[in-house]
Amino acid sequence: MDYEQIMQLALERGFYFPSCEIYSDAHAGFWEYGPSGTSLKNKFIELWRRELVRRDRMWEIDGSQIMSGSVFAASGHLASFADPVIKCKKCHLIFRADKLIAEVSSIVIPESADLDQFDKAVAEKNIKCPKCKGDFDSARKFNMMFRVGIGPQDEAAYLRPETCQSIFVDFPRLYKTMRGRLPIGVAQIGKSFRNEISPRQSLLRLREFYQAEIEVFCNPGRLDEIAGFSEVENTVLNIMTDDVIRPMTCREAYESKTVPNKLVAYYLGLLAEFYRKTGIDTGRSRFRKLGEKEKAFYASVAFDFEVETTTGWLELVACNYRSDYDLTSHANASKEKFEVLDDNVKVLPHVFELSMGIDRSLYTILEHSFREDKENERVVLSLRPYLAPVHVGVLSLVKKDGLAEKTDEIFSRLKTRYDAFLDHSGAIGRRYRRLDEVGAPFAVTVDHQTLEDGTVTVRQRDSMSQERIKEADLGSYLSASLAFP
RNA sequence: GCGGAGUUAGUCUAGCCCGGCAUGACGUCAGCUUCCCAAGCUGAAGGCCGCGGGUUCAAAUCCCGCACUCCGCACCA
């Protein structure tokens with residue numbers, strides 16, 4: 001399978017498609033989830049809640065997408081999420097001002113410097129466009145954040161470029177009211193917005209995208225006191241350091257100091273177990289330890305969880321040890337106090353972050369589940385049953401002889417408990433094929449025998465095999481088969 | 001943002017060079033038939049040929065601009 005096949009399936013079966021596609025001024029980087037995609041996404045999120053939020057007794061919040069300028073002044077986004085750029089007047093090429101100046105003149109100007117410093121350097125050193133030797137316009141900032149105007153005064157605010165700032169800003173209230181103790185995870189699912197220069201490949205680089213972020217607040221002096229560590233100590237992590245992938249258990253990773261402490265090892269373990277249950281082929285995954293130059297400026301230790309796809313290795317989760325960077329910044333800017341009592345000692349928590357890209361994860365699930373069954377001339381999405389957009393197809397073998405009515409009756413009993421799809425029309429084989437393509441793990445078929453002895457057939461998506469069970473047992477059969485792990 | 005290639009029904013696609021009724025397949029819907037794995041038959045719906053402008057008696061086709069998609073570069077908290 002490749003990107004194009006997944007794209008075609010997404011368009012044909014209602015997984016995702018371009019936003020505003022009927023208008024020609026639609027912008028790149030915005031995509032909609034259709035019914036199948038939304039259903040898959042909801043179930044993915046439910047699995048995330050089970051495996052991370054509930055398992056680790058985290059607090060889940062849902063913050064504003066628009067946040068005030070002060071938040072991003074404190075977080076550093078206003079200064080450093082923006083690139084200083086200069087544009088050639090003649091050929092209109094755009095360059096990063098700081099990089100071009102450093103390259104041709106060895107003058108180093110920090111990217112967050114005032115704009116006139118760049119203009120001054122360009123003038124003094126008589127820097128011209130490297131391509132056409134044209135003159136440059138004055139420097140300007142290209143900020144990746146979307147600015148929005150609030151109220152009649154059009155006051156500046158911003159669409160959040162990452163969801164975690166809500167968590168940092170909310171932490172003092174949460175800790176005062178929610179009765180937790182360190183280490184405590186605060187989780188959030190939501191949209192983030194980045195004005196990417198060139199969005200690409202549908203769900204893989206979006207301007208509006210979903211993140212599932214977890215910020216674990218911890219006592220930096222007690223990073224090896226993790227109660228749940230024994231639960232994951234034998235979980236295998238594929239850790240990549242210096243271009244070599246080495247499988248090792250969480251305990252081995254910790255003891256060999258491949259990861260710096262038990263807390264980090266524990267959460268990488270939870271993450272690995274979560275992704276295993278999404279059906280992604282974790283044999284083609286790795287936790288890549290980032291080198292000094294690659295890490296974000298706030299991170300002291302960073303691992304990217306990456307998965308191999310037909311588009312190459314794809315980063316699904318950024319795991320950053322952010323130390324006290326965020327809480328210190330917000331404490332200084334807001335005058336709010338972020339210290340908490342941990343075992344009767346006052347401490348400013350450190351933060352370990354798991355920042356997950358949901359859209360990319362969903363794409364990867366689709367690609368890793370996609371199977372061309374040439375022998376049976378079909379395309380199958382072998383999704384885990386609990387993630388399938390449609391749980392069960394409910395079909396009449398033929399419409400006549402009262403089979404349709406009986407099928408409707410069974411469907412009515414199932415439809416509020418499961419994602420069921422009712423289908424009477426066309427050849428039975430064609431209806432099975434359609435269900436295979438959206439990954440429905442089961443198809444219940446009503447035939448003549450149903451009317452005689454009250455049994456129906458249940459067809460398995462992957463094996464195409466069928467068994468006959470009592471109609472009355474359908475509910476318990478499906479509940480057991482579709483249960484989350 | 002740069003360079004290249006593209007954009008025709010839900011999907012894929014012919015037609016474009018050389019202007020003159022917009023092809024075909026799959027899919028969808030209805031009916032018949034069959035009755036457990038994309039069978040067959042009959043019928044139907046579905047297109048401002050990406051958008052805007054120009055040339056022309058006439059534009060899917062030629063010209064210009066723009067948008068979007070893919071690839072490469074650059075960018076990437």
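Our structure is the block above this text.
Residues numbered from 1 in each chain as written. Chains lettered and ligands numbered in written order. Predicted model: local features only at pLDDT ≥ 70, side-chain atom pairs only at ≥ 80, totals over all residues. Heavy atoms only, no water.

Caption draft 1: Spotlight on the overall build of chain A. In terms of regular secondary structure, chain A is built from 16 helices and 26 strands. A principal-axis box enclosing the C-alpha atoms of chain A has dimensions of 90 × 65 × 55 Å. Within the span of chain A, comprising 485 residues, buried residues form 54% of the whole. In chain A, 65% of the contacts between residues at least 6 apart in sequence involve partners at least 24 apart. Looking at chain A as shown, the accessible area adds up to about 22900 Å², and 48% of this sits on carbon and sulfur atoms. (Helix = DSSP H or I, 4+ residues; strand = E, 2+ residues; numbered from the N terminus. Buried < 20%, exposed > 50% of the residue type's maximum accessible area, 1.4 Å probe, protein only. Contact = heavy atoms within 4.5 Å. Areas by Shrake-Rupley, 256 points an atom, 1.4 Å probe, with all protein chains shown as cover.)

Caption draft 2: Expanded view of the sheet that holds strand 15 (residues 301–309). Reading across the sheet, the 9 strands line up as 3-10-11-19-16-15-14-12-13 and stay open at both edges, with mixed pairing between neighbours. Lying at the two open borders of the sheet, with one neighbouring strand each, are strand 3 (59–61) and strand 13 (244–249). This sheet shows a mean twist of 25° between the axes of neighbouring strands, independent of strand direction. Across 3 bridges, strand 3 lies against strand 10 (residues 184–193) in parallel orientation. Opposite Ile61, over in strand 10, you have Gln188 as the bridge partner. Taken strand by strand, helix 7 (residues 164–177) contacts strand 3, strand 10, strand 11 (208–218), strand 16 (312–323) and strand 19 (350–357), and its axis lies near 40° from that of strand 11. (Pairing = 2+ DSSP bridges. Axes fitted to C-alpha atoms, helices over the stretch in contact; angles between N-to-C directions.)

Caption draft 3: Focus on helix 14 (residues 428–437). Three or more residues of helix 14 are buried, namely Arg431, Tyr432, Leu435, Asp436 and Glu437. At the C-terminal side of helix 14, Gly439 shows a positive phi close to 85°.

Caption draft 4: Structural detail: the pairing of strand 9 (residues 155–159). Strand direction decides the pairing type here: strand 4 (residues 66–68) and strand 9, joined by 3 bridges, are antiparallel. Counted as the bridge partner of Ser68 is Ala157 from strand 9. Pairing of strand 8 (residues 147–150) with strand 9 involves 4 bridges; the strand directions are antiparallel. Bridge pairing in strand 9 places Ile150 opposite Glu155.

Caption draft 5: Highlighting the layout of surface pockets. Approximately 1300 Å³ is the volume found for the largest pocket. Lining the largest pocket are 45 residues; nearest its centre among them are Phe81, Arg194, Tyr298, Glu315 and Ala318. No other element matches the 6 residues that strand 16 contributes to the lining of the largest pocket. Tallied by class, residues from the lining of the largest pocket come to 17 nonpolar, 9 polar and 19 charged. (1 Å grid on protein atoms, 1.4 Å probe; cavity = no way out; pocket = protein on both sides within 12 Å on 5 of 7 lines; lining within 4 Å. Points joined across faces, edges and corners; volume = space filled by probe spheres on them. Nonpolar A, V, L, I, M, F, W, Y, C, P; charged D, E, K, R; others polar.)

Caption draft 6: Representation of helix 10 (residues 262–277). Taking 1.5 Å as the rise per residue, helix 10 with 16 residues should run 22 Å; its terminal C-alpha atoms sit 23 Å apart, in good agreement. In terms of residue burial, helix 10 counts as a mostly covered element, since 14 of its 16 residues are buried. Sitting at the amino-terminal end of helix 10 is Asn261, which places a side-chain oxygen 3.2 Å from the backbone nitrogen of Leu263. (Expected span 1.5 Å × (residues − 1). Polar contact = N/O pair within 3.5 Å; in protein donor to acceptor, adjacent residues only side chain to side chain.)

Caption draft 7: Highlighting the side chain of Gln165. Assignment of secondary structure puts Gln165 in helix 7. A polar side-chain atom of Gln165 sits 2.8 Å from a polar atom in the side chain of Glu162. Apart from the residues lying within four places of it in its own chain, the contact partners of Gln165 are Met67, Val71, Phe72, Ser75, His77, Arg322, Asp326 and His330.

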